[in-house]
Amino acid sequence: MAINSGRRGSLPSWGRRLGRGPVVRAAGRAGFTARGVIYVLVGVLAVRIALGGSDGKEADRSGAVAAIGEQPFGQVMLWALAAGLAGMALWRLSVAVLGRGTGEDGWTKRAADLGRAVFNAFLCSGVLQTLLTGSGGTRSGDESSKEYTATVLAWPGGRWLVGAAGLAVIVTGVVLGVRAALRKFEKKLDTGAMGRRVRTAVRTLGVVGGGVRGLVFAGAGVFVLLAAVAFDPARAKGLDETLRSFAGTAAGPALLVAVGAGLALYGCFSFCQARWYRLR
């Protein structure tokens, strides 16, 4: 029985202290900053595409990494980006294991945080590949989407799996947009530490940026669903092609400019989260 006296759940008390200590919290804040950099750059690249001046870069994470690498001290900046993404993965993993400490520790939320940890680790590995080999992290997201879709479509029942994945992404986008509109994010921010004007600015960034982010997610999911319906992996689109599709609507390039600006605003909101998020 003594072996359990220092535990809560399945971890000893020292493990819980470490997982919620200053190092992991700092890692989480670095992760929000890294995410903000990526979203701002993707948004800027989308606007430049709409205006006809993207220099061939794709408006996705690979394009953002390429843009960073071209800057003075670009290698140093990429190492910092990789460290931030690793920090986000570490913090998300700690939340998945330890819970949020707010009574919201159900298995669905833990599974979601675990998935986010794996996703950020994957992004980090891509940046590290770029740094160490000059390739990997800059691979086209559009090519990856088509390749993965083609692979799954070739499986028994693959069409249904791809269709389910598309629906899941659409639902995720809708949920993200609705939560942004309802300002659910405010519960996780230390709004008491903000002045009135700052709080209004952060709220605007979260609502507008989060809404646009949800729209882009839903758009990408629609293309995955169309790929399943048509049994054609070429219908699937990565972030870059999804964004470019907005320019093909009746609103034309102006819509892509608006979406790009919205993604950049979400990047700024991520910087605000790095400062005021209630890390557990």
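Residues numbered from 1 in each chain as written. Predicted model: local features only at pLDDT ≥ 70, side-chain atom pairs only at ≥ 80, totals over all residues. Heavy atoms only, no water.

K.L.:
Give a detailed account of a positive patch on the surface, specifying residues and quantitative values.
P.N.:
Together, Lys109, Arg179, Lys184 and Lys187 line one region of the surface with positive charge. Assignment of secondary structure puts Lys187 in the loop between helix H7 (158-181) and helix H8 (196-230). (Patch = residues over 30% accessible without salt bridge, like charges linked within 9 Å, V, L, I, M, F, W, Y side chains within 5 Å. Areas by Shrake-Rupley, 256 points an atom, 1.4 Å probe, with all protein chains shown as cover. Salt bridge = Lys/Arg side-chain N within 4 Å of Asp/Glu carboxyl O. Lys, Arg positive; Asp, Glu negative; His and termini not counted. Charge placed at Lys NZ, Arg CZ, Asp CG, Glu CD. Helix = DSSP H or I, 4+ residues; strand = E, 2+ residues; numbered from the N terminus.)

K.L.:
Hey, could you go over helix H2 (residues 22-50) for me, with residue numbers and the actual values?
P.N.:
Each full turn of the α-helix corresponds to 3.6 residues, which orients residues three or four apart in the same direction. Here H2 is 29 residues long and its end C-alpha atoms lie 42 Å apart, about the 42 Å a rise of 1.5 Å per residue gives. Just beyond H2, the residue with positive phi is Gly52, at close to 80°. (Expected span 1.5 Å × (residues − 1).)

K.L.:
Kindly report on the nonpolar core, identifying the contributing residues and their values.
P.N.:
Within the largest apolar cluster, 44 residues are counted, with the highest numbers of intra-cluster contacts made by Leu81, Leu85, Trp91, Val127, Leu243 and Leu263. Where this core is concerned, the elements lending two or more residues are H2, helix H3 (61-69), helix H4 (74-98), helix H5 (107-133), H8, helix H9 (239-247) and helix H10 (253-276). The dominant element in this core, judged by the number of residues it contributes, is H2, at ten residues. Grouped together as the second largest cluster of nonpolar side chains are five residues, Val152, Leu153, Val224 and Ala228 included. (Core = buried A, V, L, I, M, F, W, Y, C linked by side-chain atoms within 4.5 Å. Buried < 20%, exposed > 50% of the residue type's maximum accessible area, 1.4 Å probe, protein only.)

K.L.:
Describe the pattern of salt bridges, listing the residues and the values that go with them.
P.N.:
In this structure the tally under the stated criterion is eight salt bridges. Ionic pairing is found between Arg116 and Asp113, a salt bridge with its closest N-O pair at 3.2 Å. In this pair, Arg116 and Asp113 both sit in helix H5, three residues apart, roughly one turn of the helix. Residue classification places Arg116 among the partly exposed residues on the basis of a relative accessible area of 36%.

K.L.:
Describe in detail the packing of aromatic side chains, supporting the description with residues and values.
P.N.:
Tallying each qualifying case throughout the model produces six aromatic pairs. Ring centres of Phe32 and Trp91 lie 5.6 Å apart, and the angle between their planes is 55°; this geometry places the pair in the tilted category. Of the two residues, Phe32 sits in helix H2 while Trp91 sits in helix H4, which places them 59 residues apart along the sequence. Comparing Phe32 with Trp91 shows no difference in burial state: the two are buried. Aromatic pair Trp91 and Tyr277: ring centres 5.6 Å apart, planes at 85°, arrangement edge-to-face. Placement of Trp91 in helix H4 and of Tyr277 in the segment after H10 is noted, with a sequence separation of 186 residues between them. Assigned by exposure class, Trp91 and Tyr277 land together as buried. (Phe/Tyr/Trp six-rings, centres within 6.5 Å; stacked < 30°, edge-to-face > 60°.)

K.L.:
Which residues make up the packing of H2 against H10, and what values do they have?
P.N.:
The geometry of H2 relative to H10 is characterised by a closest axis approach of 7 Å and an angle of 165° between their N-to-C directions. The orientation of H2 with respect to H10, classified from their angle, is roughly antiparallel. Handedness of the H2/H10 crossing: left-handed. Looking at side-chain class alone, the contact of H2 with H10 contains 20 nonpolar, seven polar and three charged residues. (Axes fitted to C-alpha atoms, helices over the stretch in contact; angles between N-to-C directions. Parallel < 35°, antiparallel > 145°, perpendicular 65-115°, else oblique. Left-handed = near helix turned anticlockwise from the far one by under 90°. Nonpolar A, V, L, I, M, F, W, Y, C, P; charged D, E, K, R; others polar.)

K.L.:
I'd love a proper account of the confidence of the model for the protein chain, names of residues and values included.
P.N.:
In the predicted model, the protein chain carries a mean pLDDT of 86, and 86% of its residues have values of at least 70. Put simply, strand S1 (residues 7-8) is where the protein chain has its lowest mean pLDDT, 44, and H10 is where it has its highest, 96. Ignoring residues within four places in sequence, the model shows residues 1-9, a span with pLDDT below 50, making seven contacts including any to other chains. (pLDDT = per-residue confidence, 0-100. Contact = heavy atoms within 4.5 Å.)

K.L.:
How would you sum up the environment of Ala34? Please name residues and give values.
P.N.:
Position of Ala34 relative to the elements: it lies in helix H2. In the structure, Ala34 is positioned 53 residues away from Gly87 in sequence and 9.2 Å away in space, judged by C-alpha atoms. Apart from residues no more than four positions distant in its own chain, Ala34 is found in contact with Leu81, Gly84 and Leu85.

K.L.:
Report on a nonpolar patch on the surface, specifying residues and quantitative values.
P.N.:
A cluster of nonpolar residues, Leu93, Val97, Leu114 and Val118, forms a patch on the protein surface that exposes about 330 Å² of accessible area. At the level of elements, H4 and H5 are the ones that each hand at least two residues to the nonpolar patch. With respect to the helices and strands, Val118 occurs in helix H5.

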